[in-house]
Structures are given as structure tokens and as C-alpha cells.
Amino acid sequence: MTARLNPGIYGILTEKFSRGRSNIQVAQEMVNAGVTTLQYREKPASKSMGEMYKECVAIRQITRDAGVTFIVNDHADLALMVEADGIHTGQDDLPLRPLRKLVGDMIIGRSTHSLDQARQAVLEGADYIGVGPIFTTQTKEGVCDAVGLAYLDHVAANIAIPFVAIGGIKAHNLGQVVSHGARTVCMITEIIGAEDIKATIQGLQTIYKDTSAKLYQAL
Ligand code: TZP
Ligand code: MG
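Here the residue numbering is sequential within each chain, running from 1 through the sequence in written order. Note on labels: chains are lettered from A, ligands numbered from 1, in written order. Per-residue local features are limited, in this predicted model, to residues with pLDDT of at least 70; the limit for side-chain atom pairs, both in listing and counting, is 80 or more; totals at the level of whole chains, interfaces and linings are taken over all residues. With hydrogens and water excluded, all non-hydrogen atoms of the structure serve as input to the side-chain values.

### Observations regarding the UniProt feature "domain: Thiamine phosphate synthase/TenI" (unreviewed entry) in the chain
Using the following cut-off: UniProt positions are given in the numbering used here, feature names are shortened, and annotations may be inferred rather than shown by experiment. Strands are runs of DSSP state E lasting at least two residues, helices are runs of H or I lasting at least four, and both sets are numbered from the N terminus onward.
As recorded in UniProt, the sites labelled "domain: Thiamine phosphate synthase/TenI" (unreviewed entry) are residues 10-191. Along residues 10-191 one finds 41% helix and 19% strand; the C-alpha atoms at either end are 10 Å apart.

### As for a nonpolar patch on the surface
Cut-off, in case you're wondering: Only residues whose relative accessible area exceeds 30% and that form no salt bridge are eligible for patches; like-charged ones are grouped when within 9 Å, while nonpolar side chains (Val, Leu, Ile, Met, Phe, Trp, Tyr) are grouped when within 5 Å. Here the Shrake-Rupley method, with its probe set to 1.4 Å, supplies the accessible areas, and only the displayed protein chains count as covering residues. Here, a salt bridge means any side-chain nitrogen of Lys or Arg that lies within 4 Å of a carboxyl oxygen of Asp or Glu.
A surface patch of nonpolar side chains, about 270 Å² in accessible area, is lined by Tyr53, Val57 and Met81. By the element assignment, valine 57 lies in helix α2 (residues 49-66).

### Looking at the coordination of the magnesium ion (ligand 2)
Test applied: Metal coordination here is assigned from N, O and S atoms located within 2.8 Å of the ion, or within 3.2 Å for Na, K and Ca; omission of water means that sites may look incomplete. Three labels apply to residues, based on accessible area from a 1.4 Å probe with only protein chains included: buried if under 20% of the type maximum, exposed if over 50%, partly exposed otherwise in between.
Protein-derived coordination of the magnesium ion (ligand 2) comes from Asp74 (OD) and Asp93 (OD), at a distance range of 2.0 to 2.2 Å. Of the two residues, aspartate 74 sits in the loop between β3 (69-73) and α3 (76-81) while aspartate 93 sits in the loop between β4 (86-89) and α4 (96-103), which places them 19 residues apart along the sequence. Relative accessible area serves as the criterion here: at 30%, aspartate 93 is assigned to the partly exposed category.

### Considering the environment of leucine 204
Note the threshold: Should any heavy atoms of two residues lie within 4.5 Å, those residues are considered in contact.
Note that leucine 204 resides in helix α9 (residues 197-218). Here the alpha-carbon distance between leucine 204 and glutamate 190, two residues 14 residues apart in the chain, equals 9.6 Å. Ignoring sequence-local partners within four residues, the contact set of leucine 204 consists of Ile9, Lys170, Ala171, Leu174, Met187, Glu190 and Ile191.

### Some points on helix α6 (residues 148-158)
Where α6 is concerned, the buried positions are Gly148, Leu149, Tyr151, Leu152 and Val155. Check the buried side of α6 and you find it contacts β5 (107-112), α5 (115-123), β6 (128-131), β7 (163-165) and α7 (171-179).

### Comments concerning the UniProt feature "binding site: Mg(2+)" (unreviewed entry) in the chain
As a reminder, the rule being used: In protein, a polar contact requires one atom able to donate a hydrogen and another able to accept it; more generally it is a pair of N or O atoms within 3.5 Å, and residues adjacent in sequence count only if both atoms are side-chain atoms.
Per the UniProt record, "binding site: Mg(2+)" (unreviewed entry) is annotated on Asp74 and Asp93. These annotated residues cover 20 residues of sequence, and their C-alpha atoms all fall within 6.8 Å of one another, placing them together at a single site. Look at aspartate 74 and you get buried, because its relative accessible area is 17%. Reaching out from aspartate 74, the side chain makes a polar contact with the side chain of lysine 43 at a distance of 2.9 Å. The residues touching aspartate 93, leaving out its near neighbours within four places in the chain, are Asp74 and Arg110.

### Topic: unusual backbone geometry
Put simply, glycine 132 and proline 133 share a cis peptide bond, and its omega is 0°. Among the structural elements, proline 133 can be located in the loop between β6 and α6. At aspartate 74, a position not held by glycine, the phi torsion is positive, near 70°. Positive phi, normally seen in glycine, also occurs at glutamate 83, with a value near 55°. With respect to the helices, strands and loops of the structure, glutamate 83 is situated in the loop between α3 and β4. Since its relative accessible area comes to 53%, glutamate 83 is described here as exposed.

Here you go:
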């Protein structure tokens, strides 16, 4: 069975932040550099469903060949049609219990911004939660203010399912996020907005590994 959430770097594809590169090119570069999970996050305002479907078919192939978990944001139809590993939903998206009936054993992720939302997601059967925005970000429209590291601490202490930290995470604060208990870390613009995606991911992996090693030595 596919792991419900891999530790490591969770990347997200959104073409408007990718410096003119295609989602498929960026997916290949991210997978080559060793992201453990890749999410496709496009909105119908930016691309037609037909175009999104074609991209997801190609990205499914790239991720399958590399053994990387592939998650589709928002669109259960798309996730099912391309045999993605999972679907990621926000607070205003499809409700979790009916969604579970539709997608069966597929991984379901849920974005959360408070401990109440996290507990609700667990109750309703999410496989993992998103925790954020940890820091201020311009990447997601209409998102709430930064929840800070305090919310991450609460989740690490109180929530029994896997979680991914997200929002404003960069090389300079990644160590802090890992020190506060995140084993999976998502970065959008830090990675896909970088000139050299591979070198950037390698630098982030070094910070992730060094911080984790120190953390577990100290225990
Ligand atoms: N959900 C919470 S914050 C966020 C999403 C999708 C955007 C994170 O983007 P970035 O560029 O890593 O700050
Ligand atoms: Mg959504």
C-alpha cells in the first residue's frame, strides 16, 4: 500500500510560479532531484480541464516511474481518471466522508489552519493534514494569516495522523520547521520559482537531513 504521507520534501506544481517552464518539465526536474511527493495544483481559471487532464497523465507517468507519490489538488474526477495516489482538499472543498466513498483507499489530504480543523479532519477520515501557513505567503489567494510555529507544535503534540508543514517555508527557515516536528515539508515558490530547481532541492535536502540528524541525536 502507498504510504499515507512520505517524509521529506513535498513539491507542488503551479505553472504561473515556474518562470515560464512547463509543469511537465518542472515535475521531471523535481522528481530527478528527489522530492518524495508531488501535487498538481492548477485552478480552472488558469487552465482548461482538458489541458489539466493531459498534464496529469504525463505527470502520473513521471511519478510512477520514479516511485514518487502523486496527489491532485481539488479535482476528484481528475485524480481518479489518471490513477493518482491521492487528492488534496481545502476547508471549502468536497466534504471528506462523501469523498472517501468516491475515492476508496486513495490518500486524502486536508488543509487545516487550526487545531479544531485538524481534529475535524481526523474525525472525518483524512489520511494527512496540511498545517499552515506557517509563515506569511503570497502564493495562496485568500488564505488566513500565518499560524506560526505554535500551531505546528500543537499538531505535533496532539494529532495522530501525518502532517505536512506549508506556507512561506524557505531555505532560511526550513531548519526551524523541522525542529518543530515537521517530517514532511512543502514549499511552492522556493522550489518552482528557483532558477536551478535541482540545486535548490539538494540544498533543502541537506538542511532537512542535518536538522533531523541533530534532532534525533538529541533525543
Ligand atoms: N496552503 C497554505 S499556504 C500555501 C498553500 C497552498 C502556499 C504555500 O506556498 P509557498 O510559496 O511555499 O509560500
Ligand atoms: Mg482547494
